[in-house]
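Analysis of the macromolecular model
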Amino acid sequence: MLARARWRNTMVFSIRPAARVKRRHASHSGVRVARVGPRNELVLVDENSLQELTLDLDAALAKPNAAREGAQLARALGVAQSEAARLHPRVVVDATAGFGRESVLIASVLQEGDTVISIERHELIFEALKDAVSRIGSASVRERIQVRHGDAADLLPGLCGCVDAVYINAMFAPKRTQHSALAKKEMQFLRTLAPPADRSELRALVH
């Protein structure tokens, strides 16, 4: 179910419900991050299943329906105005960034000077997302995204006054309504690293 609400004059859009490594990092829930390959990419490694996951945001942008989905998100967020119609550079917060798919889709349809602030509370997901954003091929899209580590419930109040829209994706809806954007392996990593959190404080801020 999609819902829209106002948060201090801000439009809120929500969805309800093993390679050779160069460097190792601390493990969380049996998952760690490591640097691999000639591009020194950061990957998530599940030490139990030995699966690896590399975030590739260019792949998300290359999908046939990426432009349409980005445009739909921008319209729902109220930030789809033309360059001539906008009064100031727009700032969108992705309050539950996860692996960054929605962040990059929104950033791809925004314009020069606009910003997407991607907030991720889990340390390893934040590290992987920050690395993935740094590898986006399009300089204009890459430069629009700022990745921040922390809980959106703590960070949103400090952004009051400069944000045009907040996007919330709960990620773990019941099976019948579960958002299908994430691949099966990505969802498995998310469930292992970041089980469903109590979103009541965040919902209270944005409704």
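Here, every reference points to the structure presented above.
Rules and cut-offs
- Residue indices begin from 1 for each chain and proceed along its sequence in written order.
- Per-residue local features of the predicted model are confined to residues with pLDDT of at least 70, and side-chain atom pairs are confined, for both listing and counting, to 80 or more; whole-chain, interface and lining totals are unaffected and use all residues.
- Hydrogens are left out, water is left out, and the side-chain values use all remaining heavy atoms of the structure.
- Secondary structure follows DSSP: runs of H or I at least 4 residues long count as helices, runs of E at least 2 residues long count as strands, and numbering of each begins at the N terminus.
- Relative accessibility decides the category of a residue: with a 1.4 Å probe and only protein chains considered, values under 20% of the type maximum give buried, values over 50% give exposed, and everything between is partly exposed.
- All accessibility values rest on the Shrake-Rupley procedure with a 1.4 Å probe; residue burial counts only the protein chains present in the view.
- By nonpolar core we mean a set of buried residues, namely Ala, Val, Leu, Ile, Met, Phe, Trp, Tyr and Cys, connected to one another through side-chain atoms within 4.5 Å.
- Salt bridges are defined by distance alone: a side-chain nitrogen of Lys or Arg within 4 Å of a carboxyl oxygen of Asp or Glu.

Helices and strands together make up the secondary structure of the protein chain, namely 8 helices and 10 strands. Within the protein chain, buried positions represent 50% of all 207 residues. By element, 50% of the accessible surface of the protein chain is carried by carbon and sulfur atoms, the whole surface being about 10400 Å².

Leu 44 and Ile 145 are the most contacted members of the largest nonpolar core, which has 35 residues in total. Those elements giving two or more residues to this core turn out to be β4 (31–36), β5 (41–46), α1 (57–62), α2 (66–77), α3 (101–109), α4 (123–134), β9 (145–149) and β10 (165–169). Of the residues forming this core, the biggest block, 7 residues, is contributed by α4.

A complete count under the given rule lists 4 salt bridges for this structure. Between Glu 41 and Arg 135 there is a salt bridge, and its shortest N-O distance comes to 3.9 Å. Here Glu 41, found in strand β5, pairs with Arg 135, found in the loop between α4 and α5 (139–144); they are 94 residues apart in sequence, far enough to count as distant. By relative accessible area, Glu 41 is classed as buried at 16%. We classify Arg 135 as buried; its relative accessible area is 15%. Close ionic contact of Arg 90 with Asp 114 constitutes a salt bridge, the shortest N to O distance being 2.6 Å. Here Asp 114 lies in the loop between α3 and β8 (115–120) and Arg 90 lies in the loop between α2 and β7 (91–94), a separation of 24 residues in the sequence. The exposure class assigned to Arg 90 is buried, which follows from its relative accessible area of 4%.

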